[in-house]
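# Structural overview for review
Next come the chains, spelled out residue by residue.
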Amino acid sequence: MTAPVLEARRIDSDTYRVVMRHLPTGVAAICSTDPVAGTQNGMIVGTFASLSMEPALVTFSVMHSSTSWPRIAEAGQFSISLLAEDQQQVCRALSAKGEDKLSDVAWSESAWGTPHIHGSLAWFDCRIEQQFTAGDHVVVIASVLDMTPAEGASAPLIFHGGRFGSFRENA
Amino acid sequence: MDITPSPEKTPDSDITPSLYRQILGKLPTGVTAITGINDDDEKLGLVVGTFQSLSLEPPLVMFCVDKSSSSWPKLRKLQKFTANILSDDQISICRSLSRKGPEKFEGLPCAPGPLGTPHLDGATAYIDCVVTAEVVVGDHYMVVGSVTNMSEGTGDALLFRGGKFGQYLPIEIPATEPARSAS
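Residues numbered from 1 in each chain as written. Chains lettered and ligands numbered in written order. Predicted model: local features only at pLDDT ≥ 70, side-chain atom pairs only at ≥ 80, totals over all residues.

Residue and element names in this part refer to chain B. Per-residue confidence for chain B averages 91 on the pLDDT scale, and 92% of its residues sit at or above 70. When the criterion is pLDDT under 50, residues 175-183 qualifies, and its contacts beyond four places in sequence or with other chains add up to 15 contacts. Scored by ipTM, the complex comes to 0.91, with pTM at 0.92. (pLDDT = per-residue confidence, 0-100. Contact = placed C-beta atoms within 7 Å.)

This is how it looks when you write it as structure tokens:
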């Protein structure tokens with residue numbers, strides 16, 4: 001591989017974090033049920049994004065060192081619960097290390113056999129189509145098997161500037 | 001490279017574009033202007049809601065852009081861009097750059113960044129990148145940029161959700177519970 005003509009100035013982790021804190025993100029819970037053990041695995045991402053309408057695809061990225069993602073991925077099918085502003089506790093429970101992270105979270109099983117976290121804004125049932133490594137993360141491309149909006153309108157949970165918040169629509 | 005799943009492998013689903021739009025509209029996003037300048041000093045720009053952090057080591061970012069974009073093919077040729085994270089007083093700039101056609105950059109105040117690419121005055125952050133990878137996925141291009149420079153700007157980020165612009169609304173969190181990074 002040839003080096004770019006404009007050699008990258010070394011950007012330290014602190015600078016990256018400080019600047020990228022300016023980008024607000026939604027918060028999504030990625031969950032699946034282990035097909036053999038029947039237990040639930042879950043993790044939180046701040047990188048869930050729309051990707052393609054035809055075919056229906058979504059994307060997110062995970063740290064390549066994540067121990068949760070390989071376990072979630074093993075099921076083949078997984079769910080994405082888009083978190084609402086009052087679901088910070090879900091975010092904390094799923095961000096923690098350890099087994100059985102959904103034990104203190106209210107959820108029910110979807111027709112696809114995936115866990116849907118109660119109180120979320122929308123649920124996506126997905127199948128992994130592609131994964132590729134980019135630096136210290138893995139980019140996941142998933143096809144959407146089904147998507148369901150919650151009834152009623154709630155505000156989303158937003159992570160921004162190192163803090164949780166919500167969305168205030170412009171007048 | 002096209003990594004779109006082959007049609008025979010893609011699940012049959014009744015997800016129409018309008019349902020996709022309706023439900024993905026619930027996802028709040030930042031608003032980021034991807035800007036560049038060509039050899040004729042023509043400034044180019046497009047707006048995406050899919051700009052994301054990707055990797056810390058090495059520093060990478062990514063975004064997705066609709067295949068129908070007329071600006072991206074021109075920006076792609078330059079192989080470098082600035083991601084300007086727009087602030088909540090830059091709605092008019094977002095609207096200008098979202099238009100189709102030439103001269104949409106007309107009159108927008110900006111200054112050249114370290115790569116020569118335009119930094120829009122008043123953005124909350126500037127991330128200068130060279131394109132390291134691009135793949136076709138479905139009806140979008142997925143672009144990965146290697147970060148060469150990054151700096152903070154001014155103001156607070158503009159948000160977009162459900163077809164509406166908005167702002168970040170802080171939630172009071174007890175000080176004893178540190179917010180975890182949602183990476």
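Still more to cover.
Per-residue confidence for chain A gives a mean pLDDT of 92; residues scoring 70 or more make up 95%. Low pLDDT, under 50, characterises residues 1-5 of chain A; the predicted model gives this stretch one contact beyond four residues in sequence or across chains.

In this section: the sheet that holds strand 6 (residues 77-82) of chain A. If you trace the seven strands from one edge of the open sheet to the other, you get 3-2-6-9-10-5-4 (chain A), paired in antiparallel fashion. The open sheet has two free edges, formed respectively by strand 3 (40-45) and strand 4 (49-52) of chain A, since each of these has just one partner strand. Within this sheet the neighbouring strands show an average axis-to-axis angle of 35 degrees, counted without direction. Along the sheet face, helix 3 (residues 88-95) of chain A touches strand 2 (28-33) and strand 3 of chain A and points at about 115 degrees away from the line of strand 3 of chain A. Packing against the sheet, helix 1 (residues 17-24) of chain B makes contact with strand 4, strand 9 (122-134) and strand 10 (137-149) of chain A, and its axis sits at approximately 110 degrees to strand 10 of chain A. (Pairing = 2+ DSSP bridges. Helix = DSSP H or I, 4+ residues; strand = E, 2+ residues; numbered from the N terminus. Axes fitted to C-alpha atoms, helices over the stretch in contact; angles between N-to-C directions.)

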